[in-house]
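# Chains, contacts and geometry: an overview
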Amino acid sequence: MTITLHKNDLPDNIHFEGCVAVDTESMGLNWDRDRLCLVQLSGGDGNAHLVQFVDKDYSAPNLKKLLTDPETLKLFHFARADLCAIYKYLGVLPNPVYCTKIASVIARTFSDKHSLKDLAKDILHIDLSKEQQTSDWGAEELSGEQLAYAAADVLYLHKIKDALNARLIRENRYDLAIKAMSCLPIRAELDLAGWENVDVFSHAPIKNT
């Protein structure tokens, strides 16, 4: 396994084909306040590439090209949050997308545990450490522990996706899950536009604030 850190963009010689696992690290979850600090990527080969944004430079043409490539599936866990961060700061909305959180909720109705840590443990028997989750991702120099934590969030997603797909197909829920995932870019746009806490499909009265 190798972890390679890049500044502000992917180099020209790094390419992903078919499916790329993606994750983000930010200063928090308020996208108007908390800036995007890092984007992690893996092609499922056991290696991770991390793009750190220095001096708030979000131009990143190679990364944006990858994230918007219609021939490359972008694989996330809880894609909703990552799509918001990417769209807010990079100005692009990744598509097509796959979310292992949604796949788990639809495939694993016997469980209420759908975090990445839960899936890695239950499916791959890997115990992921979340100790660095709330560390300072805006630091100029990231620690080795931070880099290892960030890489782990993408290194196992391909195997988890394959396992979840097998269960979705077995239970005749695969098509439903893929349709649900196709709505994620729109969900992210609604979140950023102010409807993050509103179920727009609900018949119940909705109080606009």
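Quick summary incoming for the structure in this document.

Next up on the list: the packing of aromatic side chains. Describing an aromatic ring pair means giving the distance of the ring centres and the angle of the ring planes. In the structure shown here, the tally under the stated rule is three aromatic pairs. Between Phe53 and Tyr58, the aromatic rings sit 5.0 Å apart at their centres with planes inclined by 45°, giving tilted as the arrangement. Comparing Phe53 with Tyr58, the two get one shared label, buried. Following the ring pairs from residue to residue traces out a cluster consisting of Phe53, Tyr58 and Tyr89. The ring centre of Phe78 lies 4.9 Å from the NZ or CZ of Lys101, which sits over that ring. Here Lys161 stacks its cationic end above the ring of Tyr98, 5.8 Å away from the centre of that ring.

Here we take up helix H8 (residues 184-195). Across its 12 residues, H8 extends only 14 Å between first and last C-alpha, which sits more than 12% below the 16 Å expected from 1.5 Å per residue. Taken together, the buried positions of H8 are occupied by Leu184, Pro185, Arg187, Ala188 and Asp191. For H8, the arc enclosing every buried residue in end-on projection is 160°, short of the 170-degree limit, so these residues lie on one face. Along H8, the residues that are exposed and aim more than 90 degrees away from the buried face are Ile186 and Ala193. As for H8, its buried residues are in contact with helix H2 (79-90), strand S6 (97-99), helix H3 (100-107) and helix H7 (174-182).

Calculation notes
- Residues numbered from 1 in each chain as written.
- Predicted model: local features only at pLDDT ≥ 70, side-chain atom pairs only at ≥ 80, totals over all residues.
- Heavy atoms only, no water.
- Phe/Tyr/Trp six-rings, centres within 6.5 Å; stacked < 30°, edge-to-face > 60°.
- Buried < 20%, exposed > 50% of the residue type's maximum accessible area, 1.4 Å probe, protein only.
- Lys NZ or Arg CZ within 6 Å of the ring centre and 35° of its normal.
- Helix = DSSP H or I, 4+ residues; strand = E, 2+ residues; numbered from the N terminus.
- Expected span 1.5 Å × (residues − 1).
- Arc of directions from axis to C-beta.
- Contact = heavy atoms within 4.5 Å.

Geometric values such as these leave the question of function open.
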